[in-house]
Amino acid sequence: MTARALFTLLTAIFAAATLGNAEKSKFYYMDSLCKDHFLQRQYRKLDGGVLWSRNERNLDCSVTYQTHSVLQRFMLHFDMLQLDCNDHLYVYDGAHDTAPPKADLSCRNTKQQVGALFTRSNFVTLKYVTDNWGTDANGFKLVITAIKDPKHGCKEFRCKQREFCVSADLACDGVDHCADGSDEDTNALCHESGGAGGGGLWLVCAAGGGALALAAAAFALCCHCRRRAPSRRTHLHLAQMASSNGAGSAGKPAGGESPPACPGGTRLPGNWALPAGPRGYNAARPGRLRASAQR
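Since the model is a prediction, treat every value here as computed from it, not as a measurement.

Undergrad: Explain the overall build of the chain here, please?
TA: Tallying secondary structure elements over the chain gives seven helices and 12 strands in all. Long-range pairs, those at least 24 residues apart, make up 64% of the contacts in the chain with a sequence separation of at least 6. For the chain, the exposed area adds up to about 18100 Å²; of that, 56% sits on carbon and sulfur atoms.

Undergrad: Explain empty space enclosed by the protein here, please?
TA: Empty space left among the atoms is revealed by rolling a probe the size of a water molecule over them. What the rule picks out here adds up to one cavity of 30 Å³ or more. Forming the walls of the largest cavity are Asn-55, Glu-56, Asp-87, Tyr-128, Trp-133, Gly-134, Asn-138 and Gly-139. Residues of the lining of the largest cavity, tallied by class, amount to two nonpolar, four polar and two charged.

Undergrad: Whenever I open this one, the environment of Leu-83 confuses me. Can you help?
TA: Topologically, Leu-83 is positioned in the loop between strand 5 (72-82) and strand 6 (88-92). Separated by 47 residues in the primary sequence, Leu-83 and Thr-130 have C-alpha atoms spaced 9.3 Å apart. Setting aside residues up to four positions removed in sequence, Leu-83 forms contacts with Leu-89, Leu-105, Ser-106, Cys-107, Tyr-128, Asn-138, Gly-139 and Phe-140.

Undergrad: Help me understand the pattern of salt bridges, please; the structure alone is not making it clear to me.
TA: If the charged atoms of two oppositely charged side chains come close together, the side chains can form a pair. Tallied over the entire structure, the rule returns one salt bridge. Residues Arg-73 and Asp-149 are paired through a salt bridge, measuring 3.1 Å at the closest nitrogen-oxygen approach. Here Arg-73, found in strand 5, pairs with Asp-149, found in the loop between strand 10 (139-148) and strand 11 (157-158); they are 76 residues apart in sequence, far enough to count as distant. Exposure class is identical for Arg-73 and Asp-149. Each is buried.

Undergrad: Whenever I open this one, the side chain of Thr-125 confuses me. Can you help?
TA: Positionally, Thr-125 belongs in strand 9 (residues 123-129). Relative accessible area serves as the criterion here: at 1%, Thr-125 is assigned to the buried category. Looking at Thr-125, its side chain comes within polar contact range of the side chain of Thr-64, at 3.0 Å. Polar side-chain contacts of Thr-125 include one of 2.6 Å to the backbone oxygen of Gly-94.

Undergrad: Could you clarify how one ought to interpret the nonpolar core in this entry?
TA: Across soluble globular proteins, nonpolar side chains show a tendency to be buried alongside one another. Judged by nonpolar contacts, the single largest core of 28 residues is most densely connected at Leu-51, Tyr-65, Leu-126, Phe-140 and Ile-144. Mapped onto this core, the elements with two or more residues apiece are helix 2 (30-35), strand 4 (60-66), strand 5, strand 6, strand 7 (103-105), strand 9 and strand 10. In this view, Ile-144 contacts Leu-46, Asp-47, Gly-48, Gly-49, Leu-51, Tyr-65, Phe-74, Met-75, Leu-76, Leu-126 and His-177; residues no more than four positions away in its chain are not counted. In terms of nonpolar packing, the next biggest core, distinct from the first, is built from 10 residues, Met-75, Cys-159, Val-166 and Cys-178 among them.

Undergrad: Is there a simple way to explain the pairing of strand 9 in this structure?
TA: Regular strands have side chains that alternate between both faces of the sheet. Where burial is concerned, most of strand 9 is hidden: five out of the seven residues are buried. As defined by bridge partners, strand 4 adjoins strand 9 across seven bridges and the pair is classed as antiparallel. Residue Thr-64 lies in a different strand from strand 9, and its bridge partner there is Thr-125. As paired strands, strand 6 and strand 9 are joined by five bridges and run antiparallel to one another. Along strand 9, the bridge assignment pairs Leu-89 with Tyr-128.

Undergrad: What's the story with the sheet that holds strand 2 (residues 43-45) in this structure? I'm lost.
TA: Two strands in a sheet stick together by hydrogen bonds in their backbones, pointing the same way (parallel) or opposite ways (antiparallel). In spatial order, the strands read 2-4-9-6-7; together these five strands make up an open sheet with mixed pairing. Two strands bound the open sheet, and with one partner strand each, they are strand 2 and strand 7. Neighbour-to-neighbour, the strand axes of the sheet open up by a mean angle of 20 degrees, direction not taken into account.

Undergrad: What am I meant to see in the confidence of the model for the chain here?
TA: Close inspection of predicted coordinates is inappropriate for parts of the model with low pLDDT. Scored by pLDDT, the chain comes out at a mean of 75, with 58% of its residues at no less than 70. Under a pLDDT of 50 for its full length, residues 11-23 has, in the predicted model, nine contacts with residues more than four places off or in other chains. The low-confidence segment residues 194-204 (pLDDT under 50) makes 18 contacts with residues lying over four places distant or belonging to another chain.

Undergrad: Looking at this structure, I do not really get the pairing of strand 5. What am I missing?
TA: Along strand 5, eight of the 11 residues are buried, which leaves the element largely enclosed by surrounding structure. Note that strand 5 and strand 8 (residues 116-118) share three bridges and pair antiparallel. Residue pairing across strands places Leu-76 opposite Leu-117, the latter belonging to strand 8.

Calculation rules
Residues numbered from 1 in each chain as written. Predicted model: local features only at pLDDT ≥ 70, side-chain atom pairs only at ≥ 80, totals over all residues. Heavy atoms only, no water. Helix = DSSP H or I, 4+ residues; strand = E, 2+ residues; numbered from the N terminus. Contact = heavy atoms within 4.5 Å. Areas by Shrake-Rupley, 256 points an atom, 1.4 Å probe, with all protein chains shown as cover. 1 Å grid on protein atoms, 1.4 Å probe; cavity = no way out; pocket = protein on both sides within 12 Å on 5 of 7 lines; lining within 4 Å. Points joined across faces, edges and corners; volume = space filled by probe spheres on them. Nonpolar A, V, L, I, M, F, W, Y, C, P; charged D, E, K, R; others polar. Salt bridge = Lys/Arg side-chain N within 4 Å of Asp/Glu carboxyl O. Buried < 20%, exposed > 50% of the residue type's maximum accessible area, 1.4 Å probe, protein only. Polar contact = N/O pair within 3.5 Å; in protein donor to acceptor, adjacent residues only side chain to side chain. Core = buried A, V, L, I, M, F, W, Y, C linked by side-chain atoms within 4.5 Å. Pairing = 2+ DSSP bridges. Axes fitted to C-alpha atoms, helices over the stretch in contact; angles between N-to-C directions. pLDDT = per-residue confidence, 0-100.

Here's what the structure looks like:
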């Protein structure tokens, strides 16, 4: 494995671990949602997420979210709301966009004026319609949270102001899901876990560092083995040269004997008989060689 391939693999592993930690609050982008027509028709189950729009043009799409439990419903509030006057965001209390919308938002609405929107069902459908003009300032950032009313009991995180119950995974993730800041209270809640992301971020960093260390050790071992491999091949080649054709310390094997083996038991090829007679080519006379050939 080359250094480039190793680095790519480690980067992918670390990115996957980081994204896995960030899945507490899912981020959705309107341009991606509206391009995927198959996913538009699917109900996405959601504990909490952020829907982000930034100057998308010529859109006309609907997206539906669903809670994990029928005892839950949705709360929606905007961190940013600045729509163009020809663009509309429709909010429907249900799984379809056919009934009259709960809210029809456009340039006349601000996030302070809208405040928090609540559904009665465990579905919410958003329909976004835009024209072919806009600026980079146009768009919205919408926080969607599945909440449970206090009367149903709370076994996870209870918001401070309205006492809604939200998933414990949404606390200290950098997104205000309670709309009062209580799930991101750095003094009372998130200080012990290290702020946004909690101890999970430190765990991911430690895991990534350990993976990098192991990969560096494996890479060093691989390089060391590659450096030793040519020297072993050179040693074997020299042993063949020294032992074949009657030279070297292998001696003069008698007729019929098999060739001597290299260290490790490998049989070496070659001419193991002494060439051109016992005394070699220099001592052999041409006439004697021809006479031997005729006989």
